2 protein chains.
Amino acid sequence: MTDHDGINGAESVIQAALASGIDTCFANPGTTEIPLVRALDEIPGVRPVLALFEGVCTGAADGYGRMASRPALTLLHLGPGFANGIAYLHDARRARSPVVNLIGEHATWHQAADPPLHSDIESLARPVSAWVKRGQVATNLAAELREAVEVASVKPGRIATLILPHDLQLAPGSRLTEPLQIAAPARVSAERVDEARRALVNPESVAILLGAHGLRDRALAAVARIQARTGVSLLAEAFPARWERGLGRPVITRLPYFPEYAVPVIARFQTIILAGAPSPVSFFGYPGTPSHYIAPQQQTVELAGPEEDVETALEELAAALGAPPRATTAASQSPAASAILNNSLTGHLTGRTMTAVVAALLPPGAIVMDEGHTSTGAHTAYFQAAAPHSYLTQPGGAIGLGMPCAIGAAIACPDRPVVTLQADGSGMYTVQSLWTMAREGLNIKTIICNNSGYRIVGIEMQRAGVTRVGDRARSLMEMEAPQIDWVGVSRGLGVPAARVVTPGELAEVLRRELAAPGPFLIDAVLEAE
Amino acid sequence: MTDHDGINGAESVIQAALASGIDTCFANPGTTEIPLVRALDEIPGVRPVLALFEGVCTGAADGYGRMASRPALTLLHLGPGFANGIAYLHDARRARSPVVNLIGEHATWHQAADPPLHSDIESLARPVSAWVKRGQVATNLAAELREAVEVASVKPGRIATLILPHDLQLAPGSRLTEPLQIAAPARVSAERVDEARRALVNPESVAILLGAHGLRDRALAAVARIQARTGVSLLAEAFPARWERGLGRPVITRLPYFPEYAVPVIARFQTIILAGAPSPVSFFGYPGTPSHYIAPQQQTVELAGPEEDVETALEELAAALGAPPRATTAASQSPAASAILNNSLTGHLTGRTMTAVVAALLPPGAIVMDEGHTSTGAHTAYFQAAAPHSYLTQPGGAIGLGMPCAIGAAIACPDRPVVTLQADGSGMYTVQSLWTMAREGLNIKTIICNNSGYRIVGIEMQRAGVTRVGDRARSLMEMEAPQIDWVGVSRGLGVPAARVVTPGELAEVLRRELAAPGPFLIDAVLEAE
């Protein structure tokens, strides 16, 4: 099975990955990765998933990491291949997803010749990686892979990038001997828990701002107990990586996107307890608005940072408060899903009615990837009344993540349907995703929020005080000429599709397709609100 | 027209670009680029071209730079938006194309908040940029834009990247006062010309290896004179950025891709005179093959490096040799286009017959972008017998450049038809290009070399000695499941299309479409050779 008596470097890497619990590799390999491709072929256990663009690989690794809570591999080709994956590694870094990137590199002896594909891979990798290492000795590669998995796997997750020169992949390697040792996230001190407890003496002026693993089920169980004891208000960071949401989970107000809406939400409270969320900041810096939402006269209590053990901290806080051992979340104030649906079916198909229909029809256990941007942003509270689900957003803001992230989520959770709300401008960034959905038969229903443009650019022009948009500016924000036929594109890439123009059509097609396995795309042609 | 009495920073940048001869901006802007979008709107003269993915912007800037010999702008959104353009900036760097990137950045005062889209832009930009600057003072931005154009415009061309914080775009700027000063490329010394002259005393054992501007018309006129005087052999670098080719131009042997074919070509000569080409190296490092093709016992004479004034050097060499003042290139040894066509129409549609048909039908003055990879690589000598044309390849090896580069070439040369030979696997990287072709009505005929896979990966597996390819490896090199319906995808993105399965069908459709303006896609379904 090898070029040698024992094992070569590439085989040692794949064996080490397998021994470290890795089962998936999102790949787009080339010549410098051939020994790794051979090793994937010869060593069963790591499933290779081909994507037709590297951004699909890295976005999928993000989605996989969020749902599996352990890393997948990416396998990328030299600097330029890696570069195509950077944008969604940026998103994965902000989502704190565990990801291990393998980058094939020119043979060590060939690099001095500066061949055409040679470039400074480390300079490209560092901005998105917590750990970057270049293999120097073939017999060390297995241990370096293990180290990459260890770095990536510290909860909630980090990105580790291992550069593997071609000659080292071919040279004799060593089998992994030492077991994986994953460090636990840092525990918060008793003092910090007590500070939060004291802040909750007057709970009516306090909000807990939840983020990272503070929005997963173990933390939310503690949050429900704290709320049952204190009645404290609950906020969620604006762009959670993963939020366990829907009926039975605590009702949490998501921070709005624009500062003029977010600051008043924060300003209602004297004290903000941060539980897994960093101090909230504006997505962009606008003249006359602050970077940080919490004003100097407000009190910030950092119970746990996003990379600390927020779940244990919330449980300790619940205990310190004398909260009941178990709490049932109060029923949502929002109307029931059936009422939402009925109220939405009569109107036009807009971002609001689209979001309402999707929330109302969501099957229990679904995964929602929301990259609806301007079409869904103001309406995601509908998901509070939906069946229990995992709700994923885009913490890093690199658009086009939606469909790739859905691929990774679907592969991590093959028994759960995935519903993607995909803005059209963003969706075109990674339209190649549809082919991988078809190839792998993934149970992903993609809803294109089709407003024929980059609506956010128009909104930002308005916000900047522009009253008359000329032809040249308009040409940079609309996608009306030509109109994209999403149904044709989707079918061309192997995913069946339908176009809908009313809430009723959307409900009919979505209901029908949710009952069937496999991928489907719905081109939801939206009217302005 | 401004937020201020005078001019703001963004307007000063666009005015400076206009004053520096820039007329085109390939853009995909977001919130941090709004003032620049407004400036493009308010100041006529710079044409914004929207692409639905940043790689299309940068690849188009490469193609524009090659054909216009002056830079276009790109306008990209923060680190992640820029990252999506890196792969084709890598190609542009290797092509030595002039390109000026503008990157919108967070407001200076907002960066400390580490907002979601914040990242280390310089670290991403440096590997592909000869010059990177971050605006610090709004009144300096115009001069910095001018400096970027000056850096980029030194022949053959370089990449300059200017980072523009949002608040500086909005702050009062200064109009450009100093004129553009573009440095001439370095002249080569008389000694180097004389060394080449002496090497040509025995011309039968000498080859001139041409690259960069050595393959453009002014240089080729001198090369024809040198050849008329000496009978020296002529070679071209393996992946020229732009090669003026076809009937009436000197017959030049292109270096093959794989070292086992390229080394024997080089080994026929005792002396290699480098004229615009660097010392040729293998694309990848294979065990047992050298990095450099020129062996130690051979003589290398560097007449001019790719960034030196190769045109003047070749003219001086022609004069030193006493070459005739004007030379007509001998007719090609290859059969005439009509014979090539007739010989190709009867067989199967393969890479060979496809390339032959395209070469035979090429209209005079066409631009050919060849990203056919394994489908065209062995057959491009057919273009020697074609009508005179500009022949573009991919010097950097970052796949997917073909369609974006064609966009830039078509915009730089609106009166010349563009024919793109586009490998299917590579084409999927930047399939969004089709929409921009449709939107701008560009006269580009795209021929998909459809072999349903990444054929190179299979070839490299064979070369690595793999006799049995298993399912997992196979899954990383074929695109057969599902088959991509390129006609459907193309029409969905606004470009009419047809599928052809014989050389005759290809000839019929191509001939018909070349007679009409606007974009068209031909899905050429290829059989194995």
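So, here is what we can say about the structure in this document. Position numbers for residues start from 1 in each chain and track the written sequence from start to end. A letter from A marks each chain and a number from 1 marks each ligand, given out in the order of writing. In keeping with the predicted nature of the model, local features appear solely for residues at pLDDT of at least 70, side-chain atom pairs appear and are counted solely at 80 or more, and the whole-chain, interface and lining totals rest on all residues. Processing note: side-chain calculations cover all non-hydrogen atoms of the structure and skip hydrogens and water entirely.

1. Considerations on the pairing of strand β3 (residues 72–77) of chain B
Residue and element names in this part refer to chain B.
Here's step 1: Note on classification: 1.4 Å probe, protein chains only; a residue is buried when its accessible area is under 20% of the maximum for its type, exposed when over 50%, partly exposed between these limits. Each helix is a run of DSSP H or I of at least 4 residues and each strand a run of E of at least 2, with the numbering of both proceeding from the N terminus. The buried fraction of β3 amounts to 6 of the 6 residues, a majority that puts the element mostly inside the structure.
Here's step 2: Along β3, one buried face is formed by A72, T74 and L76 and the opposite face, lined by L73, L75 and H77, is buried too.
Here's step 3: In this sheet, strand β4 (residues 99–105) lies alongside β3 in parallel orientation, the contact comprising 6 bridges. Across the sheet, residue L75 finds its bridge partner in β4, namely L102. A pair of strands is treated as paired once DSSP finds two or more bridges between them.

2. Considering the interface of chain A and chain B
Here's step 1: Any pair of residues with heavy atoms lying within 4.5 Å of one another is described as a contacting pair. Counting residues at the interface gives 100 residues for chain A and 100 residues for chain B.
Here's step 2: Taken together, both faces of the contact between chain A and chain B bury some 7,800 Å²; the carbon and sulfur share is 64%.
Here's step 3: In short, buried area is how much 1.4 Å probe accessible area vanishes from two parts on joining, totalled over both. For the chain A face of the interface with chain B, the top three residues by lost area are P116, R472 and L476 of chain A, together amounting to 10%.
Here's step 4: Salt bridges are defined by distance alone: a side-chain nitrogen of Lys or Arg within 4 Å of a carboxyl oxygen of Asp or Glu. At the surface where chain A touches chain B, the tally comes to 4 salt bridges.
Here's step 5: Here R439 of chain A makes a salt bridge to E478 of chain B, at a shortest N to O gap of 3.0 Å.
Here's step 6: All amino acids are sorted into three groups, where Ala, Val, Leu, Ile, Met, Phe, Trp, Tyr, Cys and Pro are nonpolar, Asp, Glu, Lys and Arg are charged, and the leftover types, Gly among them, are polar. Partitioned by chemical class, the residues of the side of chain A that touches chain B number 57 nonpolar, 28 polar and 15 charged.

3. Thoughts on the packing of aromatic side chains
Here's step 1: Ring geometry is summarised as follows: Phe, Tyr and Trp rings, the Trp one being its six-membered ring, pair when their centres sit within 6.5 Å, and such pairs are stacked at plane angles under 30 degrees, edge-to-face over 60 and tilted between the two. The full count for this structure, using the stated rule, is 19 aromatic pairs over all chains.
Here's step 2: With centroids separated by 6.0 Å and ring planes inclined at 85°, the aromatic side chains of W243 of chain B and Y391 of chain B adopt a geometry described as edge-to-face. With W243 of chain B in strand β9 (residues 243–245) and Y391 of chain B in strand β14 (residues 389–392), this pair connects stretches of sequence that are 148 residues apart.
Here's step 3: Linked through ring pairs, F239, Y257, F258, F283 and F284 of chain A together constitute an aromatic cluster.
Here's step 4: R254 of chain A extends its terminal NZ or CZ atom over the ring of F239 of chain A, reaching a point 5.3 Å from the ring centre.
Here's step 5: Note on geometry: a ring has a charge over it if NZ (lysine) or CZ (arginine) is within 6 Å of the ring centre and within 35 degrees of the ring normal. Above the face of the W243 of chain B ring, R245 of chain B is positioned so that its terminal group lies 3.8 Å from the ring centre.

4. Description of the relation of the copies chain A and chain B
Here's step 1: Mapping chain A onto chain B calls for a screw motion: a turn of 180° about the axis and a shift of 0.0 Å along it, with 0.0 Å RMSD after fitting. This pairing of chains is accounted for by a two-fold axis. In terms of C-alpha distance to the rotation axis, chain A has V489 of chain A as its closest residue, with the C-alpha 2.2 Å off the axis.
Here's step 2: The overlap is high: 100% of the interface residues of chain A also sit at the interface in chain B, so the same surface is used on both sides. For the least-squares superposition of copies, only C-alpha atoms count, and only for residues with pLDDT at least 70 in both.

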